[in-house]
Structure formats: C-alpha cells, structure tokens
Amino acid sequence: MHPLRIKNLTKNFGELRAVNHISFDVPESSIFGLIGRNGAGKTTTIRMLMNIYLPDEGEIIFRGNKITPKFKDYVGYLPEERGLYKKMSVIDTLLFFAEIKGKSGSDVRRKAYEYLERFELLERASSKIQDLSKGNQQKIQFISTILHDPDFIILDEPFSGLDPINTELLKDIILEMKEKNKVIILSTHLMDYAEKLCDHIAMIDHGNLILHGNLEEIKKRFSEGKITVIHEGDISFINQLPYVQKVADFGNRTEIKVNDSHHTQDLLKTLVERNVIINKFSANETSLHEIFVELAENNGSEQLKGEF
Amino acid sequence: MNTNKVKGIIKRELKDKLFAKSFIIMTLLIPGIIILSIGIQAWVNSYEEESASKALIVSEIPGLTNELKEEFNQDKSIKAKDYIISYDEMSKADFEINIKKLKPLLLDESLNAIIFIPKTALKNKELIYYSKNPKNRALKSKLGSVINNVLVAKYFSGRELNKKDIAFAKKSIDFNSMKVSAEKIQEEGLGPEILSFGFTFLLYMGLMLSGTLILRSVIEEKSNRIVEVLLSSVSSSDLMIGKIIGASITSLAQMFIWLVPVIIIFSTSWFMLPVKFTFSISIWEWLYFFLNFLIGIVTFLGLFAAVGAIFDNDQDAQSGLWPLMMLIMIPFFIALSVGNNPSNSLAVWTSVLPFSSIIVMPARMTLVDVPVYQFVISIIVNLATLIVIFPVAGKIYRIGILMTGKKPTWKEVAGWVKLKS
C-alpha cells in the first residue's frame, strides 16, 4: 500500500480553480517529483498536503489515515524562499522550529549541533541569521526542515542558492532519508534535478495533473520513436520521408520523431545512403524537459495519464 | 488550540520583543518624552519676550502717573520681568497730536505699547492700546491688571472707604478647588490633572507601540515567507493567538514598568510630595486600568495583525494603518480635553463607547468619581467589541497571510470575511 494517497484533490479561490481533481499516489522509499511551471498549482497542492489549506473536494490519506492537524508534526517543509527570522540566532532558530513541531529538550539540541557540524556551521551556532551567507541560510533552513525527524518531507527547490559541494551534501542527506523510508516530495521546475533524483513524478499544469507515474516508464513511453542526430550537412530531405512525424532542426543537431520504433533503422539507413556525416545517433532517448515542454504545449487538448 | 505550540510562539515573541534592546530603550525613553512634553507645554504657555518690554502710559487724569509709578514699582512680576515703563500726563487733544510723532517709535519697536487713559476711564474703564502688535495678550493683561488696581483705588479715593475696602475691591477672585467624593471632601491640586495626562499619553503610546510592532512582525513573516514554514507546523489561529498573547504580555509589562514607580511615589510616604501634586486612586481603579488596557491591547493587536496580514510591505500597509490610528488618536485628543469638564456629555459618552473608552475612561476617572455602573458598562462594551472584532480579524489574518503579490482591494478583504472558513 502506498504511504501517501492523494484522491481527487480540488481547490478553488473564488472563480479560479487552482487545483482541479488531482489524484496520485506516492510509493514507499521513493523520491517523488512534483513538477510544473510557476503558477501551475504546485504551491496550492503542497499547502493542501501540509494541511494549511483545506481542499474543497478530495482527501489526502497518509499511511491509511485521513490527515488531521496533528499530521503537521510529521511534516518537514523546505520552502522555496528562505523563511527565517533574520535577527534570531542559528541555534535559537533550529530549536524554535523543532519546538513548534512538538520536539524540544536536550535530544533535539544535541541533534541540532550534530547537523550544524555536518554542514560545517558549528562555529556559527550563535550567529544571527542575517549575518550568514545565502547558502548558509539555506542550510539552516534545511536543517530546521528535518531536525524533528519528520516522516514526510516536502522540499521546494532545495538546491537553489547552494554551491556544488553543498548540493552534493544535500543530495546525500536526501538519499539517506529515502533509505530510512521517509516519503519525500521534491517540488521543482528544474527538470534536470527531478530527472536525477526522482523515481516517480507528477506533472501539473494549469491546475490539472497532466502526467504521473514511474519516471523510467514515462521516459520509455515518451522516448519511443524519438531520435537525436548530431550531424554535418543538410538533412532537410528527411521531412519528405513518409514515416517521419516531426522534425526539430537545431542546426547541427536535429530531433526527429518517427511513427514507430522500427523506423529508426530505416532512418539511419537513409542517412548513410545519402552520405550524411553522422557524429552521434541516439534512439529512444528523451529528457524530462522535452516531455514537459511537449505536454505543456498540448495541455488543454489532451490529457495524458501514466500508470505505475 | 495546541497549547505547547502556542507556548513556543509566545516564547519566541517574548524573546524577540520583551528582551530586545529596543524595547528597553523605548520603555525608558517614553516617560522622559511625557515629562518633556509637559515641560514644553508649560514653558510655551508662560513664554514672553525675552528682551524688556517698553511701554508708555499716558494719562489724562491728573495725578494718576504718580500712582501708576508707585503701583508698578510695587508689582513683583513687573519688576522681575524687567519692564521699562515711562509715564506722561496730557490732554486727549495733545495726545492725539503726539501719537503721530510717537508712531515711528512703535514701528521700529523702541516702544512696544502706548496706553492712553482718558478721563472717562474712571467711569467705564475703557483705555486705548496702541501697538504694532496689539494681539500681545501677555503684555496687555500684565499692564492692564496693574492699571486696573490704580483706577479702582482712584475711583474709591475720597469716598468713605478705608484701605482695606479698596484692597478688597482690587483683589480678583481666587478659587480653592475642593474635590467632593463619596468618602470625603478634599483639596484638589494639580495631581489628578497630571495623572490624567499621564494615563492618556501612556495608553496612547502603549497601544501605538505594540500595534505597530505586531504589524511589522506580521509583515516580516509574510514577506520573508516565514509564515509558510510556521503554518506547516502550527495552525494560523494558534499562530495569531500566540503572537497576540506574546505582544500583550510585552505591552502589559511595559505599562507596569511605567506605572509601578508612579504607584510607589504617590501611594507611599517614602517621598514627601507637596499636597498640590497628590491624588487618590483606589485599588479598584488601578485594577480597572489594567483590565481595561488588557482588553484594549488585545482588541487592537488583533486589528493590527489583520492589517499586517493584508499587505506585503510596510509602505502598502500605511493605507490600512490610518483607520486604526484614528481609532487611537481621536480618543487620545478627547481624553486630553476631558480636563476642561470631565462630566460633560462628550466625556461621559466617549468613556463608555467602543474603542474610545479605552483611553477616555482612565483619563476621566482620575478627575471625577465615575459611577461604578459606568465602569461596568465600559468593560462590557469593550469585551463585546473584542468578541465581535476578533473572529473577523482572525479570518482576515488567516486568509491574508497566505496571499502574496497583488495588493488586495478593501472589497476583496470584505469578501474574505464572508468566506466560509
């Protein structure tokens, strides 16, 4: 059974329907990507998940139970923008956020110092937040998200503002939490990160769920018949080929969609016959970015839904 | 309500506000500002030209100049203030010729005033006052009162009156105010007036300071998006309640710090104060004062928090702030004017109406004995206001705090209130 089930979630703000009948399940031990443009309905969905907004319709089931205000204690939320009190000290900030999650005492304090050490911020424990760099503030925000040992973690653009070393550190900790069977939702508009980290995704556009499912399966499904060719010389003749559905020409790189995957071989053969110099030929490969652009363009005319 | 979480919020608020340097500085500074403002007022009222005023008194009444000289020489305040007064005696016709010659002296201010005392003054006390600035009341009244004394003496001289009678006629009325209360009748000094002014000022400052503090803190949480993290842990009601309790404790503590020295100085015999400055306030009135302040502060904090939640930044919030400022400032000015007559209908009504009673009643109760039923009405009215206001403020706060971007219109805010929660 999936630990988090979202059923038919809907939220209206007056006339505007921000989230429209969204349903998806988040599987155990996975990182789940919530993907969409700004204003797509991600934040509203997250706010419903955290019990900040009450949905107009639908329900959220966490480990078999409908969520209640108590659920907030099991959630760790890292917002996209830094949400810290500038004049508070680092350690006071961490202890305060743990306290309002219902955790206080020497255990939490010890853990706070442990995390500070791990993030190389131990000597800044009594500094004020406003005296820290943006990257360090982001680290404090992240520690405050997980200090109370939540079961369900929502990370909104967790890597923004971090240098490569800290990005790696954060990634390690996220993967550690995954191994500890935590449910992790990663909300982002950066498809690269989502692609590298997520096992499952849900894609939202204009309040609608336009795609969800296992990332590998989705990619496989969308990459069928997709060919990328890096070449020298003109290959515009391929537009005339009967089995070519779509061509996107980027100069030396051309993306081609054929009717069926067995046409891949036909295409390669034709290119060789026409003496095109081919530097790279990759078939049945696509990126999440490409899938997103394709779906966002089509959204409204057709809704695609994958399955686990 | 989750008490542990609310406690966490309260603790943070207290740490941030009550134990902040700026709070301690403001709390210590405000009594100084009050004393300074009373001082400035007194100084402005008693202010006169620093350089000596020069006046010429021309009398048509034979022999009056000598009597004037004598009387002016005897007057202490005239001597102390360094007036230079010259005297002349001439007929009205001569004076009318002379005044044209004297005109340049008035214009270049080598003379500040010329007073002509015609013969008829002994019948109707009507004098003529010539000056570049005839509106100078201080000079006019000072000279006038001395001249009046001389005229009175002159009028009665030669009649069968002794000096004692004349002295009596010259003396103006002096009220010795006695305050009549249910328990006793006692001499009334300046104490109650000073206390009334002090209460008015402290209540005004207390409400304004804590109101703007909570407004800023709500805007900070909203614009920094801290509120998103907070709301992922506590409900918006718990957050608002925690913030308001924290700010109320801070504000009450501030009022205590301000008033405890006053209570000690005036209610113990440790400091010997002149009778003029004493006042009496019962323990019940003190209790009323703090209860009234507590209800007031919670009401206003709710309103200020709601206004803070509507806007994203301090600048936008100004437009929502002025109606609240009016709710504090209008009662403040009414309370200041209550001293003129604490029992007129304006004073009575405003001391039991919502919002205004929070400031007016304490100012009034120091000056007159307010009937118990009026205290009760004011408390009930304020509690009822709180009960009506709080859910509305709470709703605006809950919705506003998560709205960012476009500045909402008042119509939209009214729409939030109507929304089902």
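Before any of the text, the structure's been laid out above.
Structure report, in brief. Quick caveat: nothing in here was measured; it's all calculated off a predicted structure.

Residues and elements named next belong to chain A. Spatially, the four strands line up as an open sheet ordered S2-S1-S4-S5, and their pairing is antiparallel. This sheet does not close on itself; its edge strands, each paired only once, are strand S2 (16-26) and strand S5 (65-66). The sheet contact formed by strand S4 (residues 57-62) and S5 spans two bridges and is antiparallel. Residue Ile61 lies in a different strand from S5, and its bridge partner there is Lys66. Strands strand S1 (4-13), S2 and S4 of the sheet are contacted by helix H1 (residues 42-49), whose axis makes an angle of about 120 degrees with S1.

All names here are of chain A. Spatial strand order, S12-S13-S11-S14: four strands in an open sheet with antiparallel pairing. The sheet is open, and its two borders are formed by strand S12 (244-249) and strand S14 (277-283), each paired with just one other strand. The average undirected angle you get between the axes of adjacent strands in this sheet is 20 degrees.

The next thing to look at is empty space enclosed by the protein. Per the stated rule, a full pass over the model turns up two cavities of 30 Å³ or more. Looking at the largest cavity, its volume works out to about 50 Å³. Around the largest cavity sit Gly76, Tyr77, Phe97, Lys101, Ser144, Thr145 and His148 of chain A together with Val229, Ser232 and Ser233 of chain B, which together line it. For the lining of the largest cavity, a count of residues per class yields three nonpolar, six polar and one charged.

Next up on the list: the pairing of strand S9 (residues 200-205) of chain A. Residues and elements named next belong to chain A. Here S9 lies mainly inside the structure; six of its six residues are buried. Neither face of S9 is exposed, since His200, Ala202 and Ile204 on one face and Ile201, Met203 and Asp205 on the opposite face are all buried. Here strand S3 (residues 31-36) runs beside S9; their pairing, made up of five bridges, is parallel. Bridge assignment links Gly33 to a residue of S9, and that residue is Ile201. Taken together, the six bridges between S9 and strand S10 (residues 208-214) define a ladder with antiparallel strand orientation. Bridging across to S10, Ile204 finds its partner in Leu209. Hairpin connection of S9 to S10: two residues between the antiparallel strands, including His206 at a positive phi of 50 degrees.

As a further point, take the packing of helix H2 (residues 90-99) of chain A against helix H4 (residues 134-146) of chain A. All names here are of chain A. At a closest axis distance of 8 Å, the pairing of H2 and H4 adopts a crossing angle of 30 degrees. Considering their axes alone, H2 and H4 lie roughly parallel with respect to each other. Handedness of the crossing formed by H2 with H4: right-handed. Facing Val90, Thr93, Leu94 and Phe97 of H2, the residues of H4 in contact are Ile140, Ile143 and Ser144. For the contact of H2 with H4, the per-class residue count stands at five nonpolar, two polar and no charged.

Opposite the 22 residues of chain A that make contact, chain B presents 20 residues. Regarding the contact of chain A and chain B, the summed buried area is about 2200 Å², with carbon and sulfur atoms giving 55% of it. Ranking the residues of chain A by area buried against chain B places Tyr85, Glu99 and Ile100 of chain A at the top, with a combined share of 28%. Applying the counting rule to chain A against chain B returns four salt bridges. Two residues, Asp92 of chain A and Lys15 of chain B, come together in a salt bridge whose shortest N-O distance is 3.3 Å. Counting across the chain A and chain B interface gives eleven residue pairs in polar contact (both at pLDDT 80 or more). Ranked by residues supplied to the side of chain A that touches chain B, first place goes to H2 of chain A with four residues. In terms of residue class, the side of chain A that touches chain B is built from eleven nonpolar, two polar and nine charged.

Turning next to the side chain of Ser236 of chain B. Residues and elements named next belong to chain B. Among the structural elements, Ser236 can be located in helix H11 (residues 236-267). In this structure Ser236 comes out as buried when scored by relative accessible area, which is 14%. When neighbours within four sequence positions are excluded, Ser236 is seen to be in contact with Leu231, Tyr397 and Arg398.

Size it by volume and the second largest pocket reaches roughly 870 Å³. Taken together, 30 residues line the second largest pocket, and the ones lying closest to its centre are Lys87 of chain A together with Asp16, Lys17, Ala20 and Ser22 of chain B. For the lining of the second largest pocket, the elements supplying multiple residues, two or more each, are helix H1 (3-17), helix H2 (21-45), helix H9 (191-223) and H11 of chain B. Within the lining of the second largest pocket, the residues separate by chemical class into ten nonpolar, nine polar and eleven charged.

All right, on to the pattern of salt bridges then. Taken as a whole, this structure holds 29 salt bridges over all chains when the rule is applied. One salt bridge in this structure joins Arg63 of chain A and Glu28 of chain A, with 3.2 Å as the shortest N-O distance. Note that Arg63 of chain A is positioned in the loop between S4 and S5 and Glu28 of chain A in the loop between S2 and S3, a separation of 35 residues in sequence. The salt bridge partner of Glu228 of chain B is Arg47 of chain A, with a shortest N-O separation of 2.2 Å. Taken together, the residues Glu228 of chain B in helix H10 (residues 226-231) and Arg47 of chain A in helix H1 connect one chain to another.

Applying the stated criterion to the full structure yields 25 aromatic pairs over all chains. For the pair Phe119 of chain A and Phe142 of chain A, a centre-to-centre distance of 6.1 Å together with 65 degrees between the ring planes defines the contact as edge-to-face. Remark: Phe142 of chain A occurs in helix H4 and Phe119 of chain A occurs in the loop between helix H3 (106-118) and H4; sequence separation between them is 23 residues. Taking relative accessible area as the criterion, Phe119 of chain A reaches 2% and is therefore assigned buried. Seen in terms of ring centroids, Phe311 of chain B and Trp410 of chain B are 6.3 Å apart; in terms of plane orientation they differ by 75 degrees. Their pairing is edge-to-face. Of this pair, Phe311 of chain B sits in the loop between helix H12 (283-310) and helix H13 (314-337) while Trp410 of chain B sits in helix H17 (residues 410-418), placing them 99 residues apart in sequence. Owing to a relative accessible area of 48%, Trp410 of chain B belongs among the partly exposed residues under this scheme. Here the aromatic cluster, defined as three or more aromatic residues joined through ring pairs, consists of Phe197, Phe201, Tyr204, Phe332 and Phe333 of chain B. The residue whose ring lies beneath Arg253 of chain A is Phe250 of chain A, and the NZ or CZ to ring-centre distance is 4.9 Å. Its guanidinium or amino end placed over the ring of Phe96 of chain A, Arg12 of chain B lies 5.8 Å from that ring's centre, counting from NZ or CZ.

Criteria and thresholds
- Residues numbered from 1 in each chain as written.
- Chains lettered and ligands numbered in written order.
- Predicted model: local features only at pLDDT ≥ 70, side-chain atom pairs only at ≥ 80, totals over all residues.
- Heavy atoms only, no water.
- Pairing = 2+ DSSP bridges.
- Helix = DSSP H or I, 4+ residues; strand = E, 2+ residues; numbered from the N terminus.
- Contact = heavy atoms within 4.5 Å.
- Axes fitted to C-alpha atoms, helices over the stretch in contact; angles between N-to-C directions.
- 1 Å grid on protein atoms, 1.4 Å probe; cavity = no way out; pocket = protein on both sides within 12 Å on 5 of 7 lines; lining within 4 Å.
- Points joined across faces, edges and corners; volume = space filled by probe spheres on them.
- Nonpolar A, V, L, I, M, F, W, Y, C, P; charged D, E, K, R; others polar.
- Buried < 20%, exposed > 50% of the residue type's maximum accessible area, 1.4 Å probe, protein only.
- Parallel < 35°, antiparallel > 145°, perpendicular 65-115°, else oblique.
- Left-handed = near helix turned anticlockwise from the far one by under 90°.
- Buried area = accessible area lost by both parts, 1.4 Å probe.
- Salt bridge = Lys/Arg side-chain N within 4 Å of Asp/Glu carboxyl O.
- Polar contact = N/O pair within 3.5 Å; in protein donor to acceptor, adjacent residues only side chain to side chain.
- Phe/Tyr/Trp six-rings, centres within 6.5 Å; stacked < 30°, edge-to-face > 60°.
- Lys NZ or Arg CZ within 6 Å of the ring centre and 35° of its normal.

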